[in-house]
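Fold and geometry: a report
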Amino acid sequence: MAPGSQGAEDGTSPFCARGTLGPQCHDGPPPGQCPAGSKVTDAPAITTEALTKRYGERTVVDELTFSVPASVISGFIGPNGAGKSTTIRMLLGLVRPTSGAGHVLGKPLDAPEHSLERVGALIEAPAFYPTLSARDNLQVLARLGGLAPDLDALLDRVGLLGRSADPVRAYSLGMKQRLGIAAALISDPMLLILDEPTNGLDPEGIAETRELLRSLAEEGRTILVSSHLLAEIEQICEHLVVIRAGRLLFEGDVSDLVHSASPQLRVRPEHPADLAALAEVIRPVVPDVRFDAAGLLVDGDEAVAGRVNRMAMSAGITLVELHSITATLEEAFFELTEPTDAHGASAPRDLAAGLTA
Amino acid sequence: MTGARRAFRSEWIKLRRRRLLFGTLGGVVAVEVLITMLTFATAGVRTGRDGPNGPGGSVTLAHLATSSGMTYALGQSVTLLGVVAVCVAAAQLATEYTNGTLRNLLVRQPNRLVLLAGKYLGVASFVALGVVAAAVTSVGVSFLMAGTKGISTSQWLSAGGMASGLRTFANVELAITGYTTIGVFLAVLFRSPIIAIAVGIAYLLPVENIVAGAVTQSARFLPGQLLSAIAEGGTSSVGYLWALAGSLLLCLAMAGLGAGLFQRRDVTS
């Protein structure tokens, strides 16, 4: 049986299976309102199994297998053209997979009318009817879904209540983005899929969106965020899925990816005039020595640090700074996604293979 | 059925936009005033014994005085009303592709056929409202023009005249629903309002008329000619029942093909 589908055939929800009230009840009731007798499991909110999409000879998504845990914020990142949007569209029933399978909230992808009831989505650029007001745009979606949301509360939550009667054509990109998030929330979703939710937002808007996503996750909702702002992803996501050329490069905790990046050391001599000499002295241990404004940057862990220190001392160079630098998600991402051969082939690195195994 | 009703109600939020609603109704009324006035102004004086048309193809004054005279102009305006219907239907659906709003709609109503059915019913009801406005306008202008041309309207107000008027109205509604189907089909086929509308207008106005004029009997198989024949209660080249059956078959074919395309195609816009 496919992951996440347990219980679907016997009529019980795979997400309400432990007899407790809880946020992971994905099927039917609002967050935190599982009916008595329903249960909660740790079933992933999204799973894909060898999901593939081809357009003619071009393979956009290539046997992609990953899962998104429930009730956390997951990042979905990859270079441009990696297949993120196509994957998201397949999860939402907009694009038909060429092969493979997947489940959203325990329901198979080929039955989106069942899987999308409790899903909200913002897909690429926010799309609305420009001559309709924000309120009417939301009303279109509410009526279509047979929903009766508190639109005032929804608009207030994204900071648009005061402008809700204005036609959307008068909105800035940032306001449209906020409206897109409101539209995604209209079904009180258990799973939110957001493609570039902070695109076009100013720093204040980005911070507000970050807090909004955190608060939504605290309510027990699962959030899958695709973004190019890796610093944002690093701040808000616990879990990460990285793809390139349609293939999985990494799946796991953000901290795992960051810590898996090659460790670096910053080395600074007491006298700047010693920089070149220091570089020559330590080159036998660390061939790749880079100069930066504060000193030298070298690849290496604590063991290398000790050897560097001893070699500097032997050469009569006093170090005033020798410490390891924690890689950022951006650095780890680039290390993970840079092409591995002259043709830019997309074979996962050993690192990624090890982490996803 | 519930899903289609929701889609219908959702569609009407867009359809009730003032610019679209009053713009369409204004256009329909203008078309109807023009055609009705021209119909009466160009009516010939021959007797209608050989049929309604006089010299140059214009209707005779005698025919306009018969029980079918009250809504004669309405039946004649069906091609232009049909073009309006094609434009509205094509624009309403095709802009969902170009705006990118279709993907939002499909997340809230993933059953594509239900969504398409609801949207079709919404647009069809909107266009039907336009036909009501057209009928009211045409009848009103007909009475005014009858007075200026000295045409007796006593037959119009008889039971037979009322029945004839209602029959013409129903036929025009049927024909316009067919045109709406063409518009929706073109929107799904081309996924672009500009292309769908351009192709629709180009086909229904010049192309089909040229083909119908150049190829004998071709009017019996051309959608626009068949729909016009329904509105007029049958013509000399296309009988009413043939027009009904032919239109039904063509519309079912377009609906089936359109639904298949809408259901199967990836939404990438």
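A tally of helices and strands in chain A yields twelve helices and 14 strands. Per-residue burial over chain A gives 46% buried out of 357 residues. Contacts spanning at least 24 positions in sequence make up 66% of the contacts within chain A whose residues lie at least 6 apart.

All right, on to the environment of Val 95 of chain A then. In this structure, Val 95 of chain A sits in the loop between α1 (84–91) and β4 (99–104). Using a count of 23 C-beta atoms within 10 Å as the deciding quantity, one classes Val 95 of chain A as buried. Sequence spacing of Val 95 of chain A and Leu 212 of chain A is 117 residues, and the spatial spacing of their C-alpha atoms is 29 Å. Excluding residues that lie within four positions of it along the chain, Val 95 of chain A makes contacts with Lys 53, Thr 86, Arg 89 and Met 90 of chain A together with Asp 266, Val 267 and Thr 268 of chain B.

What follows covers the sheet that holds strand β6 (residues 119–122) of chain A. Residue and element names in this part refer to chain A. Pairing in this open sheet of six strands is mixed, and the strands run β6-β7-β8-β3-β9-β10 from one edge to the other. Single-partner strands in this sheet number two, and they are β6 and β10 (247–253). The mean angle between the axes of side-by-side strands here comes to 15°, regardless of whether they run parallel or antiparallel. Bridge count between strand β3 (residues 73–77) and strand β8 (residues 222–226): four bridges; the pairing is parallel. In the sheet register, Gly 75 faces β8, and the bridge partner there is Val 225. Packed onto the sheet, α1 meets β3, β7 (191–195), β8 and β9 (239–244) and runs at close to 150° relative to β7.

For the rest of this paragraph, the subject is the packing of helix α5 (residues 78–99) of chain B against helix α9 (residues 193–214) of chain B. Residues and elements named next belong to chain B. Closest axis-to-axis distance for the α5/α9 pair is 8 Å, and the angle between their directions is 160°. Relative to α9, the element α5 is oriented roughly antiparallel. Where α5 crosses over α9, the handedness of that crossing is right-handed. Mapping the contact onto sequence places Thr 79, Gly 82, Val 83, Val 86, Cys 87, Ala 90, Ala 91, Ala 94, Thr 95 and Thr 98 in α5 and Pro 193, Ala 196, Ile 197, Gly 200, Ile 201, Leu 204 and Leu 205 in α9. Grouping the amino acids of the contact of α5 with α9 by side-chain chemistry returns twelve nonpolar, five polar and no charged.

It is worth spelling out the sheet that holds strand β11 (residues 264–269) of chain A at this point. Residues and elements named next belong to chain A. Strand order in this open sheet of four strands is β12-β13-β11-β14, and the pairing throughout is antiparallel. The open sheet has two free edges, formed respectively by β12 (289–292) and β14 (319–325), since each of these has just one partner strand. Geometrically, the sheet is characterised by an average inter-axis angle of 25° between neighbouring strands, direction not taken into account. Alignment of β11 against strand β13 (residues 295–299), held across four bridges, turns out to be antiparallel. Following the sheet pairing, Val 267 is matched in β13 by Leu 296. Packing of helix α9 (residues 275–282) onto the sheet brings it into contact with β11, β12 and β13, and relative to β13 it is tilted by some 20°.

Another point: the environment of Arg 54 of chain A. Residues and elements named next belong to chain A. Its location among the elements puts Arg 54 in strand β1 (residues 46–55). For Arg 54, a count of 14 C-beta atoms within 10 Å translates into the label partly exposed. Those residues within four positions of Arg 54 in sequence are excluded, and the remaining contacts are Thr 59, Val 60 and Thr 98.

Here we take up the interface of chain A and chain B. With 26 residues of chain A in contact, the opposing surface of chain B contributes 23 residues. Listed by contribution, the elements that provide at least two residues to the side of chain A that touches chain B are α2 (112–115), β6 and α3 (134–144) of chain A. Among the elements that make up the side of chain A that touches chain B, the one with the highest residue count is α3 of chain A (six residues). Residues that form the side of chain A that touches chain B fall into these classes: 17 nonpolar, five polar and four charged.

Here we take up helix α5 (residues 173–185) of chain A. For α5 of chain A, with 13 residues, the first-to-last C-alpha span of 18 Å sits near the 18 Å given by 1.5 Å per residue. Most of α5 of chain A is tucked away, with eleven of its 13 residues classed as buried. Taken residue by residue, α5 of chain A has Met 175, Lys 176, Gln 177, Arg 178, Leu 179, Gly 180, Ile 181, Ala 182, Ala 183, Ala 184 and Leu 185 of chain A as its buried positions. Structurally, α5 of chain A contributes buried residues whose contacts are with β6, α3, α4 (151–157) and β7 of chain A together with α6 (101–108) of chain B.

Next up on the list: the packing of α9 of chain A against helix α10 (residues 302–314) of chain A. Residues and elements named next belong to chain A. Taken N-terminus to C-terminus, the directions of α9 and α10 make an angle of 120°; their axes are 9 Å apart at the nearest point. Of the possible angle classes, the one that applies to α9 and α10 is oblique. Here the hand of the crossing between α9 and α10 comes out right-handed. Residue-level contacts link Leu 278, Val 281 and Ile 282 of α9 to Val 308, Met 311 and Ala 312 of α10. Along the lines of polarity and charge, the residues of the contact of α9 with α10 split into six nonpolar, no polar and no charged.

With that settled, consider the nonpolar core. Judged by nonpolar contacts, the single largest core of 152 residues is most densely connected at Ala 182 and Ile 193 of chain A together with Ala 89 and Ala 90 of chain B. Top contributing element to this core by residue count: α5 of chain B, with 13 residues. Residue contacts for Ile 193 of chain A: discarding those within four places in its chain leaves Ile 88, Leu 91, Leu 92, Val 119, Ala 121 and Leu 224 of chain A. Leu 265, Ile 282, Val 286 and Ala 312 of chain A belong to the second largest nonpolar core, which has nine residues in total.

Frequently, the measure chosen for interface size is the accessible area removed from exposure when the parts meet. Domain boundaries in chain A define domain 1 (47–257) and domain 2 (262–326). Taken over C-alpha atoms, the centre of domain 1 of chain A sits 44 Å from the centre of domain 2 of chain A.

Burial analysis of α1 of chain A places eight of its eight residues in the buried class, which makes it a mostly covered element. One or two steps after α1 of chain A, the chain reaches Gly 93 of chain A, where phi turns positive at roughly 75°.

Thresholds, definitions, all that
- Residues numbered from 1 in each chain as written.
- Chains lettered and ligands numbered in written order.
- Predicted model: local features only at pLDDT ≥ 70, side-chain atom pairs only at ≥ 80, totals over all residues.
- Helix = DSSP H or I, 4+ residues; strand = E, 2+ residues; numbered from the N terminus.
- Buried ≥ 20, exposed ≤ 12 C-beta atoms within 10 Å, placed from the backbone.
- Contact = placed C-beta atoms within 7 Å.
- Pairing = 2+ DSSP bridges.
- Axes fitted to C-alpha atoms, helices over the stretch in contact; angles between N-to-C directions.
- Parallel < 35°, antiparallel > 145°, perpendicular 65-115°, else oblique.
- Left-handed = near helix turned anticlockwise from the far one by under 90°.
- Nonpolar A, V, L, I, M, F, W, Y, C, P; charged D, E, K, R; others polar.
- Expected span 1.5 Å × (residues − 1).
- Core = buried A, V, L, I, M, F, W, Y, C linked by C-beta atoms within 7 Å.
- Domains from an automatic or database assignment.

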